[in-house]
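Residues per chain, in single letters:
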Amino acid sequence: MDYLLGDLRRTHYSKDVNPDISGEEVLIMGWVHEIRDLGGIIFVIIRDRDGLVQITAPSKKVDASILDDLRALRKESVVAIKGTVQDAGKAPNGVEIIPAEVIILNPAKQPLPMDPTEKVKAEIDTRLNSRFLDLRKANVSSIFKIKANMFKTVRDYFYEQGMIEINTPKLVASATEGGTELFPITYFEKEAFLGQSPQLYKQMMMGAGFDKVFEIGQIFRAEEHDTLRHLNEAVSIDCEISFADDVDVMKVLDGMITAVLKSTKENCAKELEILEYDLSAIPEGPFPEVKYDDAVDIINSKGIDMEWGEDLSREAEKALGDTQEGFYFLTDWPSAIKPFYAMPYEDTPEISHAFDLMYKNLEISSGSTRVHQYDLLVKQMVERDLNPDGFGSYLKAFEYGMAPHAGWGVGADRLAMVLTGVENIRETVLFPRDRHRLTP
RNA sequence: GCCCUGGUGGUGUAGGGGCUAUCAUGUGGGCCUGUCGAGCCCGCGACUCGGGUUCAAAUCCCGGCCAGGGCGCCA
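Residues numbered from 1 in each chain as written. Chains lettered and ligands numbered in written order. Predicted model: local features only at pLDDT ≥ 70, side-chain atom pairs only at ≥ 80, totals over all residues. Heavy atoms only, no water.

### Regarding the environment of Thr323
Here Thr323 shows up in the loop between helix H9 (314-322) and strand E13 (327-331). Separated by 284 residues in the primary sequence, Thr323 and Gly39 place their C-alpha atoms 60 Å from one another. The contacts of Thr323, once residues within four sequence positions are left out, are Ile298 and Lys302. Of note is the side chain of Thr323, whose polar atom sits 3.4 Å from the side chain of Gln324. (Helix = DSSP H or I, 4+ residues; strand = E, 2+ residues; numbered from the N terminus. Contact = heavy atoms within 4.5 Å. Polar contact = N/O pair within 3.5 Å; in protein donor to acceptor, adjacent residues only side chain to side chain.)

What follows is the structure, given as structure tokens:
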């Protein structure tokens with residue numbers, strides 16, 4: 001037994017051990033998934049990132065010292081095992097490894113805080129408390145493989161569209177962006193906050209002449225919400241495009257979501273199978289549009305009271321979502337319930353060039369044509385009881401040549417819910433931050 | 001923040017004023033040469049906290065804390 005890695009290096013992942021390399025010597029590294037000691041033969045299942053592989057140790061073929069080493073293993077210990085690949089019809093994947101050397105790299109304490117093999121399922125709270133163990137499960141890690149593919153697809157899509165990736169500050173001075181609560185922090189001798197959105201910065205980049213930008217980054221909101229679809233720290237996919245309006249950016253969004261749906265089906269078939277989720281049931285774009293006016297009628301026709309001008313209640317969202325197959329745009333919102341930077345229609349200013357992208361009853365994105373005229377922007381702030389003095393550095397960008405522009409932001413974790421079929425947003429975040437959870 | 005429900009071994013549960021607190025999984029040990037939710041034998045391990053009612057509370061009552069679900073909040 002040796003606890004140091006030394007010169008040991010993995011030669012194969014579990015997925016690379018197959019009957020084609022029968023007879024080869026391999027060195028695998030991973031976690032002890034299961035041990036089945038039948039006396040004269042011992043089976044040990046080793047798990048790595050990609051799956052499982054069986055170690056088979058018949059007493060006739062393997063030294064007694066190796067059998068002792070295998071018997072000393074405990075579940076979830078980290079091991080390196082050297083051995084010979086053998087074609088075996090009786091083994092799980094038609095292949096097994098006859099061990100020649102067993103090295104425990106790090107033993108796992110017993111009993112475990114939860115069972116990664118899920119013979120007994122643990123509750124979400126228990127799982128999150130031992131998230132590192134929870135993430136060893138294939139159905140949990142699949143969510144994050146799908147999410148990684150989602151981000152890669154989004155980036156590829158944006159770069160193909162000629163967009164420039166940016167990073168904006170998450171430490172901000174303004175507490176006055178709007179209605180959402182911010183997390184206050186101390187910034188040397190000043191008060192500061194964690195950023196709720198890159199909105200103002202990406203708009204300033206339109207004044208900087210970057211034309212098309214996107215950002216994938218964390219956002220922080222100090223709302224005391226307690227639901228399956230809200231977190232206090234989330235990831236937002238934001239884009240902003242100059243010389244474009246709401247219709248243009250809806251097309252970009254439509255294209256991005258469709259690209260993500262396609263690539264998930266193409267690249268993550270194994271993960272979707274592990275999750276037992278049929279993504280092909282979700283229609284790809286172009287997505288239908290429902291005007292706010294019509295949505296109000298639909299909702300009222302379902303027996304739910306809703307006045308024109310109100311935001312949708314949860315009940316209303318559900319009723320409307322039930323009438324839709326999957327993704328749809330909700331357009332032409334009342335200006336009063338949209339933020340100050342949303343552009344009102346010229347002839348009917350009570351309605352704005354603002355849209356949401358919904359997936360059934362879940363809001364995935366919201367966006368709009370933005371107000372690029374300084375005076376109108378100030379007017380809309382005042383109408384919403386915001387003090388323009390608090391927006392000095394933002395407003396300045398609108399005084400010296402601001403391109404007309406439009407954009408949107410997508411809740412990445414919510415989009416991941418749609419791609420994986422999970423119902424709790426906490427499942428789509430490695431270490432979620434909600435009203436009550438700040439660890440791990 | 002409001003409403004509902006709950007808190008029993010490491011995990012997941014049954015029970016519901018008094019008896020050795022149920023079962024599964026786990027865990028420690030033993031047996032077993034083809035396991036794959038392995039099997040068999042033996043052992044280990046628990047009633048959220050505080051207060052109250054009672055001869056007696058894990059069980060009933062009150063409060064706290066924590067969790068799950070629903071709603072609200074969510075530029």
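### A closer look at empty space enclosed by the protein
Tallying each qualifying case throughout the model produces one cavity of 30 Å³ or more. Considered as a void within the structure, the largest cavity measures approximately 30 Å³ in volume. Around the largest cavity, the lining residues are Pro169, Lys170, Gly195, Gln196, Ser197, Pro198, Gln218 and Ile219. Classifying every residue of the lining of the largest cavity by side-chain character gives three nonpolar, four polar and one charged. (1 Å grid on protein atoms, 1.4 Å probe; cavity = no way out; pocket = protein on both sides within 12 Å on 5 of 7 lines; lining within 4 Å. Points joined across faces, edges and corners; volume = space filled by probe spheres on them. Nonpolar A, V, L, I, M, F, W, Y, C, P; charged D, E, K, R; others polar.)

### Concerning the sheet that holds strand E7 (residues 171-172)
Taken in spatial order, the three strands of this open sheet run E7-E9-E8, and their pairing is antiparallel. The sheet is open, and its two edges are formed by E7 and strand E8 (184-187), each paired on a single side. (Pairing = 2+ DSSP bridges.)

### Brief notes about the packing of aromatic side chains
According to the stated counting rule, one finds 15 aromatic pairs in the structure shown. Ring centres 5.9 Å apart and planes at 80 degrees place the aromatic pair Phe329 and Phe355 in the edge-to-face group. A residue pair is termed long-range when its members are at least 10 positions apart, and Phe329 in strand E13 and Phe355 in strand E14 (residues 354-359) qualify at 26 residues. Of the two residues, Phe329 and Phe355, neither departs from the other in class, the shared state being buried. Positioned above the aromatic ring of Trp333 is the side chain of Lys338, whose terminal nitrogen or guanidinium carbon lies 4.4 Å from the ring centre. (Phe/Tyr/Trp six-rings, centres within 6.5 Å; stacked < 30°, edge-to-face > 60°. Buried < 20%, exposed > 50% of the residue type's maximum accessible area, 1.4 Å probe, protein only. Lys NZ or Arg CZ within 6 Å of the ring centre and 35° of its normal.)

### Looking at the confidence of the model for chain A
Looking at chain A as a whole, the pLDDT averages 93, with 98% of positions reaching at least 70. Two numbers describe this predicted complex: its pTM, 0.93, and its ipTM, 0.88. (pLDDT = per-residue confidence, 0-100.)

### Details of the packing of helix H4 (residues 138-160) against helix H12 (residues 412-420)
Two elements in contact, H4 and H12, have axes whose closest approach is 10 Å; the angle formed by their N-to-C orientations is 120 degrees. Taken as axis vectors, H4 and H12 run oblique relative to one another. The handedness of the crossing between H4 and H12 is right-handed. Only Ala412, Asp413, Leu415, Ala416, Leu419 and Thr420 of H12 make contact with H4, whose side of the interface consists of Ile143, Ile146, Lys147, Met150 and Phe151. Each residue belonging to the contact of H4 with H12 can be placed in one class, and the counts come to eight nonpolar, one polar and two charged. (Axes fitted to C-alpha atoms, helices over the stretch in contact; angles between N-to-C directions. Parallel < 35°, antiparallel > 145°, perpendicular 65-115°, else oblique. Left-handed = near helix turned anticlockwise from the far one by under 90°.)

### Overview of the protein's contact with RNA strand B
Taken together, the neighbourhood of RNA strand B is formed by 52 residues, with Arg36, Gln196, Ser197, His230 and Pro339 sitting nearest. With respect to RNA strand B, the backbone of Asp37 contributes an N or O atom lying 3.0 Å from a base nitrogen. One of the backbone nitrogen or oxygen atoms of Leu38 is found 3.4 Å away from a base nitrogen of RNA strand B. Elements represented by at least two residues in the surface near RNA strand B include exactly strand E1 (25-37), strand E2 (41-48), strand E3 (51-58), helix H2 (124-129) and H9. For the surface near RNA strand B, a count of residues per class yields 14 nonpolar, 18 polar and 20 charged. (Near = heavy atom within 4 Å.)

### Observations concerning the pattern of salt bridges
If you walk through the whole model with that rule in mind, you get 29 salt bridges. Between Lys82 and Glu101 there is a salt bridge; the shortest N-O distance is 3.5 Å. Of this pair, Lys82 sits in strand E4 (residues 78-87) while Glu101 is found in strand E5 (residues 95-106), placing the two residues 19 residues apart along the sequence. Using a relative accessible area of 33% as the deciding quantity, one classes Glu101 as partly exposed. Residue Glu224 is joined to Arg435 by a salt bridge in which the shortest nitrogen-to-oxygen separation is 3.4 Å. One end of the pair, Glu224, is in the loop between strand E10 (212-220) and strand E11 (233-242); the other, Arg435, is in the segment after H12, with 211 residues separating them in the sequence. Under the relative-accessibility criterion, Glu224 is labelled exposed at 61%. (Salt bridge = Lys/Arg side-chain N within 4 Å of Asp/Glu carboxyl O.)

### Some words on H9
Within the span of H9, buried status applies to Ala316, Glu317, Ala319, Leu320 and Gly321. Of the surrounding secondary structure, the elements contacted by the buried residues of H9 are helix H8 (292-301), E13 and E14.

### Things to note about a nonpolar patch on the surface
Where nonpolar side chains cluster on the molecular surface, the patch consists of Leu171, Tyr187 and Phe188 and spans about 360 Å² of accessible area. Here Tyr187 shows up in strand E8. (Patch = residues over 30% accessible without salt bridge, like charges linked within 9 Å, V, L, I, M, F, W, Y side chains within 5 Å. Areas by Shrake-Rupley, 256 points an atom, 1.4 Å probe, with all protein chains shown as cover.)

### Thoughts on the nonpolar core
Nonpolar side chains in soluble globular proteins generally cluster together in the buried interior. Counting 52 residues, the largest nonpolar core has Phe158, Ile237, Met256, Phe327 and Trp408 as the members making the most contacts within it. Top element by residues in this core is H4. It accounts for nine residues. Ranked by size, the runner-up nonpolar core spans 24 residues in total, among them Val17, Ile66, Leu73 and Val95. (Core = buried A, V, L, I, M, F, W, Y, C linked by side-chain atoms within 4.5 Å.)

### So, the pairing of E13
Most of E13 is tucked away: five of the five residues are buried. The alternating pattern of E13 places Phe327, Phe329 and Thr331 on one face and Tyr328 and Leu330 on the opposite face, and all of these are buried. For strand E12 (residues 289-291) and E13, the ladder comprises three bridges, and the chain directions are parallel. Pairing of Val290 across the sheet is with Leu330, part of E13. Here five bridges tie E13 to E14, and the two strands are oriented antiparallel to one another. Residue pairing in the sheet places Leu330 in a bridge with Asp356 of E14.

### Focus on unusual backbone geometry
Cis rather than trans, the peptide bond between Gln110 and Pro111 has omega equal to -5 degrees. Checked against the element boundaries, Pro111 lands in the loop between E5 and H2. With an omega of 0 degrees, the peptide bond running from Gly285 to Pro286 counts as cis. With respect to the helices and strands, the residue Pro286 is situated in the loop between helix H7 (269-274) and E12. You will see that Phe243, though not glycine, has its phi angle at about 55 degrees, which is positive. Relative to the assigned elements, Phe243 resides in the loop between E11 and helix H6 (246-267).

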